[in-house]
Number of protein chains: 2
Amino acid sequence: MKNRETDILIIGAGPAGMVAAMTAIQSNPTKQVIVIKPYEKSQVPCGIPYVFGNTLGTVEKNAMPCGSGPIADKIQKIIDTVQSVDIENKTITALNHTIKFDKLIFATGSIPFVHKNFQDGLELENVFTIDKEYHKVEELKNYLEEREKVIVIGDGFIGVEMATELASVGKEVTLIGGRHILGFSFDEDMAIEAEEIMRDLGVKLALGEHAKHIIRKDKMATGIELCDGTFFETDVIILATGYQPNTALAKDAGLKLTGYDGIWVDEFMRTRNKDIFAVGDCSGRRDFITRDSSKVMLASTSAAEARVAGGSLYKIKHLKGFDGTIAIFSTMIGNRAFASAGVTEKRATDENIDYVSGFAQGMNRHPATIPDASKQSVKLIAMRESGRIIGGQVIGDKEAGEIINIIGLAIESKLTIHSLISLQVATQPLLTAAPTTYPIVLAAQNILKITH
Amino acid sequence: MKNRETDILIIGAGPAGMVAAMTAIQSNPTKQVIVIKPYEKSQVPCGIPYVFGNTLGTVEKNAMPCGSGPIADKIQKIIDTVQSVDIENKTITALNHTIKFDKLIFATGSIPFVHKNFQDGLELENVFTIDKEYHKVEELKNYLEEREKVIVIGDGFIGVEMATELASVGKEVTLIGGRHILGFSFDEDMAIEAEEIMRDLGVKLALGEHAKHIIRKDKMATGIELCDGTFFETDVIILATGYQPNTALAKDAGLKLTGYDGIWVDEFMRTRNKDIFAVGDCSGRRDFITRDSSKVMLASTSAAEARVAGGSLYKIKHLKGFDGTIAIFSTMIGNRAFASAGVTEKRATDENIDYVSGFAQGMNRHPATIPDASKQSVKLIAMRESGRIIGGQVIGDKEAGEIINIIGLAIESKLTIHSLISLQVATQPLLTAAPTTYPIVLAAQNILKITH
């Protein structure tokens, strides 16, 4: 057992842990920072689906870079598994280390969530969750190598990406999901476009009927039965049914959990103990619009939280904390990008928000005769009376991945459609829509038409 | 001579005129809108350079769409050349029409600016400006067909785009410009990357020495002599030396001109006469940061002004007018996109602004092993004390064309780097930089490091 001491200790080295470490050093150059993590190698979390198709093709290609340069080099890394946290004595105990700290950041991430209907399947040889640990990804990759039929349960973006990547290398893939895929992030009108592409890519979609249970024979699953009795035979089942905060350690240490069992934090990512922070998927998240508990888990959001925490360890000094997740994300299905931020129309209805929406569709180049021009669609959602922008959805070519970030900035800055109708944008024939029909502006104009 | 009457009359049908017409109808559905323009066919202004290479290849492919749908169909178009505007009697006189109006919008655009050193060249057969009229573009295209050596004078984006497109179809092109190309929009560190690509594409760059005059023989230019005596022989000279507001008509009508001879307007694009508006390149522009007169001419800015005017014809009702140009633009050189908004470091120095800048470079996909990953660079410029963002420059793949629009929104919304360091962005392996190294955030963090 080695005894160590440090100024700042971070448990976990995912995106949240690493960004917290980097920011802590940048903000406190004289302090010592230790990151403790259970395994040497990590995977880029969002890159995992691409290990299974030809996009990356190997687990090795998705290795998370450790970072280099003067700041990254100052982070001390310890490979060990933390067993307990003693808040009063400011000490953690791992298998082979005890470490005293002044400031502690929990960045313990999330673990797969498995619905109770499927938990008995976890003991079977051919039922998998998508675990973010390096060797578990490798294990699944190897197991799939010689199997043909795969069922993916879950219509979130991980499920969708896994299904399309597996189909791209010839697997016979069935995705079982809700009424529409990506239903949390897209309204029906946008989601059906994604579904069409998935079907074209050879993914069989079984939507609208819940999976009832796993059918087994000895130590193997043979298929899935839906609530309406439909049976799908399979060689492998992948449960892409979400993640839950990994907070057993924090709970045992006596920290308050909240909402979906994330660690309770204030806007500067502090727990009730001002020396202890939590960032990333293990933190208790609030929604940006309603401030209700949020289940959204995104590496980009984790990074933003980590930057707030890393800069607030010794004093709150930034103008702005982390004021709730705007649930901003993007993905690629076939050769189309789908991106969403804030609330959908469906969620606005569920949340009893008096909203209006505006839609615009055009080409992503101008004139439309530019060789790689393709369609681009933008939907904006705003509060009816104030015009405050609270959501957006984009479908387009790869640039849609950044267009959503324009909408995200508008949401986060609480701008209204009035700011967008005369928005100054750069437009260029080879790069963007026409100045006359820039879709964010047109969508905002269409909202204005409704409200006036 | 036909006599007509209308509620709203718009002179000019470029991007500004057409957007003003569309917005006027949307905002005032019961009013009649007439657009008067001298020619039937128009070109997409920003698409003109691409007519000369293989990107579009023909003038026809760059035809400006007239717009269709219920709103566009309500616009009445008259092909005629306006001769005079009688403000007192609210009537214009064209060659074949007189039209009485209630509200008038000048959208007369801009005409090529030619430096006095070259004005004598305009009478020569092989010296051209880049005029936006359809038949003039066609004329230049035809003339170039059988010529080999071309000199482009001007290092702005039109000059750069013309030079690269002409080189791409085998012309021997020399571009004569200032110390660095695109010097108005990019600092030296960014511009040299553009210059390297241009040289790789076969464009000869003659930078840092002004062109003194055109050398002629009879009715033909034979070359250009620089101030240091260097001589460049050529078959054709293209003057891409900027544009000036086309305001002779407005001046004759007695309207006040300002700055670089644009029509003076307030923030809602109104001239001193509240029934007469001016939008687009013919309007007198102010800079967003300093409110000094601005020479910047961009179709996207014109469209924003036109939206403000079209919505403000009968009553000022929007929360926000047009509060100065942020000079936001993008272009593509080879397979790299270059984009800029707000002030450069150079201009900040010239304007005596106490600024700081932050730079970040990374990959536009994550992990970097994603097949189409390439480098992405972002520079942000902020006021030192307040952290207010006043400029940004981006180099990357095509998505850079939208990344600049995130920065543009930050500039226009007067956000500070504090908003950006914890910015929530969508990141995705196939679409964007990593959540841990998103370049706008890192550039903002690097500014914070300097100022704290």
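Analysis parameters
- Residues numbered from 1 in each chain as written.
- Chains lettered and ligands numbered in written order.
- Predicted model: local features only at pLDDT ≥ 70, side-chain atom pairs only at ≥ 80, totals over all residues.
- Heavy atoms only, no water.
- Helix = DSSP H or I, 4+ residues; strand = E, 2+ residues; numbered from the N terminus.
- Rg over C-alpha atoms; globule rule 2.2 N^0.38 Å.
- Buried < 20%, exposed > 50% of the residue type's maximum accessible area, 1.4 Å probe, protein only.
- Contact = heavy atoms within 4.5 Å.
- Areas by Shrake-Rupley, 256 points an atom, 1.4 Å probe, with all protein chains shown as cover.
- Lys, Arg positive; Asp, Glu negative; His and termini not counted.
- Charge placed at Lys NZ, Arg CZ, Asp CG, Glu CD.
- Least-squares fit on C-alpha atoms with pLDDT ≥ 70 in both.
- Expected span 1.5 Å × (residues − 1).
- Pairing = 2+ DSSP bridges.
- Axes fitted to C-alpha atoms, helices over the stretch in contact; angles between N-to-C directions.
- pLDDT = per-residue confidence, 0-100.
- Polar contact = N/O pair within 3.5 Å; in protein donor to acceptor, adjacent residues only side chain to side chain.
- Salt bridge = Lys/Arg side-chain N within 4 Å of Asp/Glu carboxyl O.
- Nonpolar A, V, L, I, M, F, W, Y, C, P; charged D, E, K, R; others polar.
- Parallel < 35°, antiparallel > 145°, perpendicular 65-115°, else oblique.
- Left-handed = near helix turned anticlockwise from the far one by under 90°.
- Phe/Tyr/Trp six-rings, centres within 6.5 Å; stacked < 30°, edge-to-face > 60°.
- Lys NZ or Arg CZ within 6 Å of the ring centre and 35° of its normal.

### Examining the overall build of chain A
Okay, step 1: Scanning chain A for helices and strands turns up 11 helices and 26 strands.
Okay, step 2: Against the compact-globule benchmark of 22 Å for 452 residues, chain A has a radius of gyration of 23 Å, which places it among compact chains.
Okay, step 3: Viewed in the frame of its principal axes, chain A has a C-alpha envelope of about 65 × 60 × 40 Å.
Okay, step 4: The burial tally for chain A puts 61% of its 452 residues in the buried class.
Okay, step 5: A sequence separation of at least 24 residues applies to 64% of the contacts in chain A between residues at least 6 apart.
Okay, step 6: Split by element, the accessible area of chain A, about 17,100 Å² in all, is 49% carbon and sulfur.
Okay, step 7: In chain A, which carries 49 positive and 56 negative side-chain charges, the distance between the mean positions of the two groups comes to 5 Å.

### Some thoughts on the relation of the copies chain A and chain B
Okay, step 1: For the pair chain A and chain B, the superposition axis carries a translation of 0.0 Å, the fit reaches an RMSD of 0.0 Å, and the rotation angle comes to 180°. One copy is carried onto the other by what is essentially a two-fold rotation axis.
Okay, step 2: A symmetric contact is evident, with 100% of the interface residues of chain A recurring at the interface of chain B.

### A short note on helix α11 (residues 439–451) of chain B
Okay, step 1: Between its first and last C-alpha, α11 of chain B extends 19 Å over 13 residues, near the 18 Å set by a 1.5 Å rise per residue.
Okay, step 2: Along its buried surface, α11 of chain B packs onto α1 (15–27) and α7 (299–310) of chain A together with β24 (355–363), β25 (375–383), α9 (400–412) and α10 (417–421) of chain B.

### Some remarks on helix α11 (residues 439–451) of chain A
An α-helical turn contains 3.6 residues, so a residue and the one three or four places further along point in the same direction.
Okay, step 1: Burial in α11 of chain A covers these residues: P439, I440, V441, A443, A444, Q445, I447 and L448 of chain A.
Okay, step 2: Contact partners of the buried residues in α11 of chain A: β24 (355–363), β25 (375–383), α9 (400–412) and α10 (417–421) of chain A together with α1 (15–27) and α7 (299–310) of chain B.

### Quick notes on the sheet that holds strand β10 (residues 172–177) of chain B
Residue and element names in this part refer to chain B.
Okay, step 1: With parallel pairing, 5 strands are arranged side by side in an open sheet as β8-β15-β9-β10-β11. At either margin of the open sheet sits one strand with a lone partner, and together these are β8 (127–129) and β11 (204–207). Each neighbouring strand pair of the sheet contributes to a mean axis angle of 20°, computed without reference to strand direction.
Okay, step 2: As paired strands, strand β9 (residues 149–153) and β10 are joined by 5 bridges and run parallel to one another. In the strand pairing of β10, V150 is matched with V173.
Okay, step 3: The sheet contacts of helix α4 (residues 157–168) involve β9, β10 and β15 (236–239), and relative to β10 the element is tilted by about 165°.

### A few points about unusual backbone geometry
Okay, step 1: Residues H366 of chain A and P367 of chain A are joined by a peptide bond in cis, for which omega reads -5°.
Okay, step 2: For P367 of chain A, the location among the structural elements is in the loop between β24 and β25.

### Comments concerning the confidence of the model for chain A
Okay, step 1: For chain A, the mean per-residue pLDDT works out to 96, and 100% of the residues sit at or above 70.
Okay, step 2: With a pTM of 0.97, the predicted complex shows an ipTM of 0.96.

### So, the side chain of D281 of chain A
Residues and elements named next belong to chain A.
Okay, step 1: Inspection of the secondary structure assignment puts D281 in the loop between β19 (276–278) and β20 (285–286).
Okay, step 2: Residue classification places D281 among the buried residues on the basis of a relative accessible area of 12%.
Okay, step 3: In terms of polar contacts, D281 uses its side chain to reach the side chain of S110, at 2.9 Å.
Okay, step 4: Setting aside chain neighbours within four positions, we find D281 in contact with G109, S110, K132, P245, M297, L298 and S302.

### Notes on the interface of chain A and chain B
Okay, step 1: In this complex, chain A contributes 82 residues to the contact, which on the side of chain B involves 82 residues.
Okay, step 2: On the surface where chain A and chain B come into contact, there are 2 salt bridges.
Okay, step 3: Measuring nitrogen to oxygen at the nearest pair gives 2.5 Å for the salt bridge that ties K398 of chain B to D372 of chain A.
Okay, step 4: Remark: the boundary between chain A and chain B carries 28 residue pairs in polar contact (both at pLDDT 80 or more).
Okay, step 5: For the side of chain A that touches chain B, the secondary-structure elements that each account for two or more residues are α1, α7, β22 (329–333), α9, α10 and α11 of chain A.
Okay, step 6: By residue number, the principal contributor to the side of chain A that touches chain B is α9 of chain A, which donates 9 residues.
Okay, step 7: When the residues that make up the side of chain A that touches chain B are grouped by side-chain class, the tally is 41 nonpolar, 30 polar and 11 charged.

### A short note on the packing of α9 of chain A against α9 of chain B
Okay, step 1: Put simply, α9 of chain A and α9 of chain B touch, their axes get as near as 8 Å, and they point 10° apart. In this view, α9 of chain A runs roughly parallel relative to α9 of chain B, as classed from their interaxial angle. For the pair α9 of chain A and α9 of chain B, the crossing hand works out as right-handed. Packed against α9 of chain A, whose contacting residues are E402, I403, N405, I406, L409 and A410 of chain A, the element α9 of chain B presents E402, I403, N405, I406, L409 and A410 of chain B at the interface.
Okay, step 2: For the contact of α9 of chain A with α9 of chain B, the class distribution of residues is 8 nonpolar, 2 polar and 2 charged.

### Focus: the packing of aromatic side chains
Okay, step 1: Under the criterion given, the structure shown has 8 aromatic pairs over all chains.
Okay, step 2: A centroid spacing of 5.1 Å and a plane angle of 50° characterise the contact between F128 of chain B and Y143 of chain B, whose relative ring orientation is tilted. Here the residue F128 of chain B occupies a position in strand β8, and Y143 of chain B occupies one in helix α3 (residues 134–145), the gap between them amounting to 15 residues.
Okay, step 3: You can call Y143 of chain B buried: its relative accessible area is 12%.
Okay, step 4: Taken together, a centroid distance of 6.0 Å and an interplanar angle of 85° make the contact between F186 of chain B and F338 of chain B edge-to-face. With F186 of chain B in the loop between β10 and α5 (188–200) and F338 of chain B in strand β23 (residues 336–342), this residue pair connects regions lying 152 residues apart in the sequence.
Okay, step 5: According to the relative accessible area criterion, F186 of chain B is buried, its value standing at 3%.
Okay, step 6: By way of ring pairs, the aromatic residues F157, F186, F329 and F338 of chain A are connected into one cluster.
Okay, step 7: The ring of Y314 of chain B has K103 of chain B lying over it, and the distance from NZ or CZ to the ring centre is 4.9 Å.

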